[in-house]
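Chains, contacts and geometry: an overview
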Amino acid sequence: MKFSILITFLFVFIIQLSAQQNGLLTEREHTKIERADKKIDKAEAIVNKKEKYADQLQSAESQGRMGKVRRLKTKSNKIVIQSASYFKDGYGQKYKTYKKAVAKGVKTGDLGDNSAEILSTANSEYKLGRKYRRKSAGENDVNAAVDLLFKANDIEIKAIEKLSSISKEASVKIEEPVSVLEDSVVEVIDSSKIALMADTLVQEVPQVVMPVDTMQTIDSTLVVNTMGTLTISTDTIQSVPVMEPEIPAVKEESNGMDELYFSVQFLAEKQAASKTKLTSLYDGPFEILQHEADGWFRYSFGKFKTWDEANEMKNRSGVEAYVVAYYKEERISTRRAKEMLLNSNL
């Protein structure tokens, strides 16, 4: 009986082992990407601190106080520039990790035919992003430096996105199951060793659940030949079908991205604005939204899935406004929102 269990277990184990997938990213590379994301998150946290000036800026702009606008922009951008080194390290490490994995996939043929071309394009984009990053570091004007910094980030994000998307195309290689019964007679190891293996297996794996209706009986008729080894006639061994376990259907859950949206903010007041004032500033087709926080009433129009869509609607409206982002009805930076969308698609 122990011998029958041993043969069955080894057969199933061989099939399971041979079906393991060769992932494109190693565990170590996954860890590197996680560390890179932490640096980027730290940079985003620094950038978010500039939000305290956002409403003052909009108020000053609406009043035409351009001197105050310039002073407030300089103050807020001095905060942002502190994030430069974290962005540089985070995006740099993330890109290099993906690049190494994709280059390996191209070399081994695990990726599509156009992967090498995409890798080359991403490499060119990343170099351009680094060029803007160097310009940002050498710029004396803090406002110009921040513009260059964000431009570098956007370009490098696109390069990373290209590599992360094609990494999903890594082919899953499943080796052919090892043929156990190639000849009419299968020679196995010494009978004393088999007995020892069987005893060890029973001790280490006390519960081997094998429903009777999932396999056919294995006849353990044994023949000892003159060489002192144990042979098993294949005439007495019937095939053991390996049944795939039924996996219950799992209800798909929302990843929370339906609660993330971009909007076009056109007014911020210390007290609620009248409907007349709101329609005088914006009288378009999109719904006007009101958010109250930190003693401010903020008004925006539309709920858009992407920054590009919101920015396009802002330009079409002709309204003095800027794009903002909300997650679960709480204000977040647009850059953080873009990162969330990017990570949700990885």
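To start, this report covers the structure provided alongside it. As the structure is a prediction and not an experimental result, all values here were calculated from the model.

Rules behind the numbers
- Residues numbered from 1 in each chain as written.
- Predicted model: local features only at pLDDT ≥ 70, side-chain atom pairs only at ≥ 80, totals over all residues.
- Heavy atoms only, no water.
- Patch = residues over 30% accessible without salt bridge, like charges linked within 9 Å, V, L, I, M, F, W, Y side chains within 5 Å.
- Areas by Shrake-Rupley, 256 points an atom, 1.4 Å probe, with all protein chains shown as cover.
- Salt bridge = Lys/Arg side-chain N within 4 Å of Asp/Glu carboxyl O.
- Lys, Arg positive; Asp, Glu negative; His and termini not counted.
- Charge placed at Lys NZ, Arg CZ, Asp CG, Glu CD.
- Helix = DSSP H or I, 4+ residues; strand = E, 2+ residues; numbered from the N terminus.
- Expected span 1.5 Å × (residues − 1).
- Buried < 20%, exposed > 50% of the residue type's maximum accessible area, 1.4 Å probe, protein only.
- Arc of directions from axis to C-beta.
- Core = buried A, V, L, I, M, F, W, Y, C linked by side-chain atoms within 4.5 Å.
- Contact = heavy atoms within 4.5 Å.
- Phe/Tyr/Trp six-rings, centres within 6.5 Å; stacked < 30°, edge-to-face > 60°.
- Lys NZ or Arg CZ within 6 Å of the ring centre and 35° of its normal.

1. Examining a positive patch on the surface
- Taken together, the side chains of Lys88, Lys96, Lys99, Lys127, Lys131, Arg134, Lys135 and Lys151 define a basic patch exposed on the protein surface.
- Looking at the positive patch, the elements with two or more residues in it are helix H5 (84–108) and helix H6 (115–138).
- Here the element with the most residues in the positive patch is H6; it accounts for four residues.
- Looking at the secondary structure, you find Lys96 in helix H5.

2. So, helix H4 (residues 66–80)
- When the terminal C-alpha atoms of H4 are compared, their 21 Å separation across 15 residues agrees well with the 21 Å that a helix rising 1.5 Å per residue should span.
- All of the buried residues in H4 are Val69, Leu72, Ser76, Asn77, Ile79 and Val80. Axial view of H4: buried residues confined to an arc of 140°, hence all on one face. Residues of H4 that are exposed and point more than 90 degrees away from the buried face comprise Arg70, Arg71 and Lys78.

3. Focus on the environment of Asp41
- When you line up the elements, Asp41 lands in helix H2 (residues 27–48).
- Residue classification places Asp41 among the partly exposed residues on the basis of a relative accessible area of 36%.
- Taking the C-alpha atoms as reference points, Asp41 and Gly90, separated by 49 residues in sequence, lie 8.8 Å from one another.

4. A closer look at the nonpolar core
- In terms of nonpolar packing, the biggest core is built from 27 residues, with Phe87, Tyr95 and Leu163 touching the most fellow members.
- Elements with a contribution of two residues or more to this core: H2, H5, H6 and helix H7 (142–167).
- With residues near it in sequence (within four places) discarded, Leu163 still touches Tyr95, Tyr98, Lys99, Val102, Leu119 and Ala122.

5. Observations regarding the packing of aromatic side chains
- One pass over the full model with this rule turns up eight aromatic pairs.
- When the ring of Phe286 is compared with that of Phe304, the centres are 5.0 Å apart and the planes differ by 70°; the resulting orientation is edge-to-face. A residue pair is termed long-range when its members are at least 10 positions apart, and Phe286 in the loop between helix H9 (275–281) and strand E5 (288–293) and Phe304 in strand E6 (residues 296–304) qualify at 18 residues.
- Take Phe286: its relative accessible area is 31%, and that puts it in the partly exposed class.
- Each residue in the set Phe266, Tyr282, Phe286, Phe301 and Phe304 is aromatic and connected to the rest through ring pairs, giving one cluster.
- Across from the ring centre of Tyr261, 4.9 Å away, lies the NZ or CZ of Lys303, which sits over that ring.

Interpretation note: all reported values are geometric properties and have no functional meaning in isolation.
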